Amino acid sequence: MTDPVNDSRHPGVRIPAALAKALASARRVVALTGAGVSAESGVPTFRDALAGLWARYDPLELATPSAFARHPKLVWDWYASRRDALRAAAPNPGHRALVEIERRVPSFLLATQNVDGLHAKAGSRSLVELHGNLERVRCSRDGEVVDRWNAPAADEPPRCPRCGAFLRPDVVWFEEALPAEALERADDAARRCDLMIVAGTSAEVYPAAGLPRTAKAHGALVVEVNPDATPLTPLCDHAIAARSGLALPALVAAAWPAHAAGPSGAAPSAREGGGAK
Ligand SMILES: NC(=O)c1ccc[n+]([C@@H]2O[C@H](COP(=O)([O-])OP(=O)(O)OC[C@H]3O[C@@H](n4cnc5c(N)ncnc54)[C@H](O)[C@@H]3O)[C@@H](O)[C@H]2O)c1
Ligand SMILES: [Zn+2]
């Protein structure tokens, strides 16, 4: 376990050789990500998003069906402001490292709690968005996704062109069920994986936070990437206390040193537990 791979291209991030080896030889890998993975793309985490104009609100006043029923315009505006902020955001090296992992392991699934669409933009294909996608809008009555709508009255969200109900973001709010098919796919992969990477999530929002526990209970190695400790940290086999934009590329470089080094092949070997020289 102690025998970290120190890679000069990822200063400060120590990847245990045993972890590098486990990832390189894993057949089934699942990654669970949260808002922290997008922090380095300038997308605020939930806590940070409630700043400025929105600082006086509690998430429960903005991200629940009852909040929308009471203050539909306020909730619509909050999501519209987050959608606008997202237009400037691009995937970061952490998102891209997960694409690299997907390319290299035989079976891979990325389950994200993020609603920003950045994993798909980075090129992740095997992806379930457990909490929906901020860029989509749907009818609050029949759930149909809507692409166009007329300008709303000043004090209301826009309305569904078919039935006239208010439109809402196609995200999962607190107190709402996750899309059953997405959760089932993630849960099934968690049961069967040999390694799970949990990155940038406070691991407090269920049922997503239950996925690493499921993986662990079924024998998987669980690795956490988060600068801070979470309720999950004690359960993990490895906890890498670093930003995902550094730690995930370091993990890829440690697991597949020849690939990560590019044509010159000059990366240190992590495979045989010798660590970097
Ligand atoms: N980007 C998004 O799509 C986005 C943004 C805000 C909130 N949300 C929603 O809010 C809910 C909150 O749960 P959550 O666990 O995803 O987020 P969270 O805000 O509860 O936790 C974020 C976690 O990321 C960690 N973190 C911060 N910077 C990091 C970095 N650079 N690298 C790695 N980790 C870092 C923090 O220590 C924290 O543990 C979710 O349901 C999610 O759908 C999504
Ligand atoms: Zn409708």
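Refer to the structure presented above.
Note that the structure is a prediction, hence the values are computed from the model and not measured. (Residues numbered from 1 in each chain as written. Chains lettered and ligands numbered in written order. Predicted model: local features only at pLDDT ≥ 70, side-chain atom pairs only at ≥ 80, totals over all residues.)

Brief notes about the nonpolar core
If you look at the biggest cluster of nonpolar residues, it comprises 52 residues, and the most contacted ones within it are V29, V30, C193, M196 and L251. Of the residues forming this core, the biggest block, nine residues, is contributed by helix α11 (residues 244-255). Beyond its immediate stretch of four places on either side in the chain, M196 contacts V30, L32, A190, P212, A215, A220 and V222. A63, A67, F68 and V75 belong to the second largest nonpolar core, which has 10 residues in total. (Core = buried A, V, L, I, M, F, W, Y, C linked by C-beta atoms within 7 Å. Buried ≥ 20, exposed ≤ 12 C-beta atoms within 10 Å, placed from the backbone. Helix = DSSP H or I, 4+ residues; strand = E, 2+ residues; numbered from the N terminus. Contact = placed C-beta atoms within 7 Å.)

Some thoughts on the site of ligand 1
Neighbouring ligand 1 are 29 residues; G34, G36, T45, N114 and S202 lie closest to it. Counting only elements with at least two residues in the shell around ligand 1, the list comes to α2 (36-39), α3 (46-49) and α11. Taken together, the residues of the shell around ligand 1 sort by class into 10 nonpolar, 14 polar and five charged. (Near = placed C-beta within 6 Å. Nonpolar A, V, L, I, M, F, W, Y, C, P; charged D, E, K, R; others polar.)

Looking at unusual backbone geometry
Negative phi values dominate among residues other than glycine, just as trans dominates among peptide bonds. For the bond from Y206 to P207, the omega torsion is 5°, close enough to zero to count as cis. Residue placement: P207 occurs in the loop between β9 (195-199) and α10 (210-217). The phi torsion at E175 lies on the positive side, around 75°, for a residue other than glycine. The class of E175 is exposed, set by 11 C-beta atoms lying within 10 Å. The backbone of A203 shows a phi angle near 55°, a positive value even though the residue is not glycine. By secondary structure assignment, the location of A203 is in the loop between β9 and α10. Looking at A203, the number of C-beta atoms within 10 Å reads 23, which means it is buried.

Observations concerning the pairing of strand β4 (residues 107-112)
Across the six residues that make up β4, a large majority, five, are buried. Relative to β4, strand β3 (residues 28-33) is paired through six bridges, and the arrangement is parallel. Bridged to R28 within β4 is S107. Direction of pairing for β4 relative to strand β5 (residues 127-129): parallel, over a ladder of three bridges. Residue pairing across strands places T112 opposite E129, the latter belonging to β5. (Pairing = 2+ DSSP bridges.)

Section: the sheet that holds strand β11 (residues 238-240)
Strand order across the open sheet formed by six strands is β5-β4-β3-β9-β10-β11, with parallel pairing between neighbours. The open sheet terminates on both sides in strands that have one partner only, identified here as β5 and β11. Pairs of neighbouring strands in the sheet enclose a mean axial angle of 15°, with direction left out of account. The pairing of β9 with strand β10 (residues 221-225) spans five bridges and is parallel. Paired with L195 across the strands is L221, a residue of β10. Across the sheet, helix α9 (residues 180-192) is in contact with β3, β4, β5 and β9; its angle to β5 comes to roughly 130°. (Axes fitted to C-alpha atoms, helices over the stretch in contact; angles between N-to-C directions.)

What about helix α6 (residues 72-86)?
Look at α6: 21 Å from first C-alpha to last across 15 residues, which is about the 21 Å you get at 1.5 Å a residue. What α6 keeps buried is the set V75, W76, W78 and Y79. All buried residues of α6 lie within an arc of 160° about the axis, which places them on one face of the element. Tucked inside the fold, the buried residues of α6 contact α4 (59-62), α5 (65-70), β6 (132-139) and β8 (167-171). (Expected span 1.5 Å × (residues − 1). Arc of directions from axis to C-beta.)

A look at the environment of N114
With respect to the helices, strands and loops of the structure, N114 is situated in the loop between β4 and α8 (118-122). Separated by 81 residues in the primary sequence, N114 and T33 place their C-alpha atoms 7.2 Å from one another. Every residue in contact with N114, bar those within four places of it in the chain, is listed here: T33, G34, A35, V37, S38 and H119.

Side note on the environment of F46
Secondary-structure assignment places F46 in helix α3. Given 14 C-beta atoms within a 10 Å radius, F46 is considered partly exposed. Once the C-alpha coordinates of F46 and P59 are considered, the two residues, 13 residues apart in sequence, prove to be 8.0 Å apart. Once you skip the residues sitting within four places of it in the chain, F46 turns out to touch A35 and P59.

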